[in-house]
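What follows is each chain in one-letter form.
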Amino acid sequence: AEQLATHGLPLEHHASNALLVGASHSRSGHALAAMGPQVGYYSPEILVEYELHAPGVHSSGMSFPGASPFPLIGHTATFAWSGTTANGDNADTFAEQLCDPSGKAPTTSSDHYLYKGRCVAFTHRDQVLHTPMAPADGTEANPPSTVTLRTMRSVHGPVHDFATVHGRPYALVRSTAVNGRGIRSLVAFLDLAEGAVRTPQDFVRTMHHFTGNENWFFVNDKHIAWLHSGWFPQHAPGTDLELPIKGTGQWDWLGFKASDGSYARHGDAFNPFAIDPKQGYLASWNNKAAREWRAAPGIWSYGRVHRDMLLRDPTVRAIKAG
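Novice: Sorry if this is basic, but what is going on with the overall build of the protein chain here?
Specialist: Scanning the protein chain for helices and strands turns up four helices and 18 strands. Here the C-alpha coordinates of the protein chain stretch approximately 75 × 60 × 45 Å along the principal axes. Residues counted as buried form 40% of the 322 residues belonging to the protein chain. Partitioning the contacts of the protein chain with sequence separation of at least 6, the portion at a separation of at least 24 is 57%. Carbon and sulfur atoms form 56% of the exposed surface of the protein chain, whose accessible area is close to 18,300 Å².

Novice: What is the right way to look at the packing of aromatic side chains in this model?
Specialist: In this description, an aromatic ring pair is defined by two values, namely the gap between the centres and the angle between the planes. Across all of its chains, the model carries twelve aromatic pairs by this definition. Arranged with centres 5.7 Å apart and planes meeting at 55 degrees, the rings of phenylalanine 232 and phenylalanine 270 form a pair that is tilted. With phenylalanine 232 in the loop between strand S15 (224-229) and strand S16 (245-246) and phenylalanine 270 in the loop between S16 and strand S17 (273-275), the pair connects residues that are 38 residues apart, well separated along the chain. Accessibility expressed as a relative area gives 3% for phenylalanine 232, which makes it buried. Residue class for phenylalanine 270 comes out partly exposed when judged on its relative accessible area of 36%. Aromatic ring contacts, followed pair by pair, group Phe79, Trp81, Phe203 and Phe218 into a single cluster.

Novice: Sorry if this is basic, but what is going on with helix H4 (residues 309-320) here?
Specialist: Think of an α-helix as turning once every 3.6 residues; residues three or four places apart then point the same way. Between the first and last C-alpha of H4 there are 16 Å, a value that for twelve residues agrees with the 16 Å anticipated at 1.5 Å per step. Following H4 by one or two positions, glycine 322 has its phi on the positive side, about 80 degrees.

Novice: What exactly am I supposed to notice about the sheet that holds S15 here?
Specialist: By definition, the strands of a sheet pair up through backbone hydrogen bonds, in either a parallel or an antiparallel sense. The seven strands lie next to each other as S3-S4-S5-S6-S14-S15-S17, forming an open sheet whose pairing is antiparallel. The sheet is open, and its two borders are formed by strand S3 (48-54) and S17, each paired with just one other strand. Geometrically, the sheet is characterised by an average inter-axis angle of 15 degrees between neighbouring strands, direction not taken into account. Inspection of the sheet shows strand S14 (residues 214-220) paired to S15 by six bridges, in the antiparallel sense. If you follow glutamate 214 over to S15, its bridge partner there is serine 229.

Novice: Quick question: what am I supposed to make of the side chain of serine 185 here?
Specialist: Note that serine 185 resides in the loop between strand S13 (168-176) and helix H2 (186-193). Side-chain polar atoms of serine 185 contact the backbone nitrogen of threonine 211, separated by 3.0 Å.

Novice: Looking at this model, I keep getting lost on the nonpolar core. Mind explaining?
Specialist: Counting residues in hydrophobic clusters, the biggest one holds 18 residues, and the most contacted among them are Trp81, Phe189, Leu192, Phe203, Met207 and Trp216. Elements with a contribution of two residues or more to this core: strand S6 (79-85), H2, helix H3 (200-207), S14 and S15. Counting residues per element, this core draws most heavily on H2, at four residues. For methionine 207, the contacting residues outside a window of four places in its chain are Ala188, Phe189, Leu192, Trp216, Leu227 and Ser229.

Novice: When you look at the pairing of strand S12 (residues 159-165) in this model, what are you seeing that I'm missing?
Specialist: As a general feature of sheets, a regular strand has side chains that alternate between the two faces. Judged from the six bridges that link them, S12 and S13 form a sheet pairing that is antiparallel. In the sheet register, phenylalanine 162 faces S13, and the bridge partner there is alanine 171. Here S12 folds back onto S13 in antiparallel fashion, the turn holding two residues, of which histidine 166 has a positive phi close to 50 degrees.

Cut-offs used in this document
Residues numbered from 1 in each chain as written. Predicted model: local features only at pLDDT ≥ 70, side-chain atom pairs only at ≥ 80, totals over all residues. Heavy atoms only, no water. Helix = DSSP H or I, 4+ residues; strand = E, 2+ residues; numbered from the N terminus. Buried < 20%, exposed > 50% of the residue type's maximum accessible area, 1.4 Å probe, protein only. Contact = heavy atoms within 4.5 Å. Areas by Shrake-Rupley, 256 points an atom, 1.4 Å probe, with all protein chains shown as cover. Phe/Tyr/Trp six-rings, centres within 6.5 Å; stacked < 30°, edge-to-face > 60°. Expected span 1.5 Å × (residues − 1). Pairing = 2+ DSSP bridges. Axes fitted to C-alpha atoms, helices over the stretch in contact; angles between N-to-C directions. Polar contact = N/O pair within 3.5 Å; in protein donor to acceptor, adjacent residues only side chain to side chain. Core = buried A, V, L, I, M, F, W, Y, C linked by side-chain atoms within 4.5 Å.

The following block contains the structure:
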């Protein structure tokens, strides 16, 4: 019991994958899909399985505890859907130049930054955590304690690190396009559960409601489809996306409003998708979504060789063999 509580089960962390084959290449004449495991293998798991049955609602699937009143991955009587992590570039690092309203030289401990010519205070939030006694401890060596966590936030997002540029201190901030817009994503799963989706075209339109960075797959008896969902910001002309963006205001996302964090995003046509592709299949293992598609910072796996070839190559051979 102590080993389990301390270390869990020693399972491998395999990533999400999906393989779908069109009806014309299936011996049964129906489209096929193998989609899993979606959250990796580990213990304890963080999934909850449930069914919904009510007037106009019949679906079965899984969610994360407390995440959604509807299945996030599942099936109805006529189709199934699943998701894998996409790695599109929907986040930027903004470098906030630190300042001191008193006129003193700023340091990495300063809690103000320059924005549009003003020395603005970061927003703070304190969260107090009370740790319990570890159930596997059995001694007083690790008594309960109280920890206070303080976050700092600029108009662009939460601070995650500090740096200096030519001796000047900066706060590094992560700005993600989905921040503050997650609740809209529930509309997609409401439509899936309530029967608003009947065709792959319906599915693609519905999953555009999902603001996060995700691959979504659809299969029914005759069709397969895929959409890379998410909101992606339009950048100021001249922005170097390989480097942190200076946060003083002139390099903000197009249409950015500090008051509510709104911005001009690329329209739905920006997101790559496929419905019944000519190649006859869809394969995904967190690989590059489409040509010219940009990877998120820190993703280095968008090369010519990728593990989705383990799914793709034998599928292509089988299709060619008839």
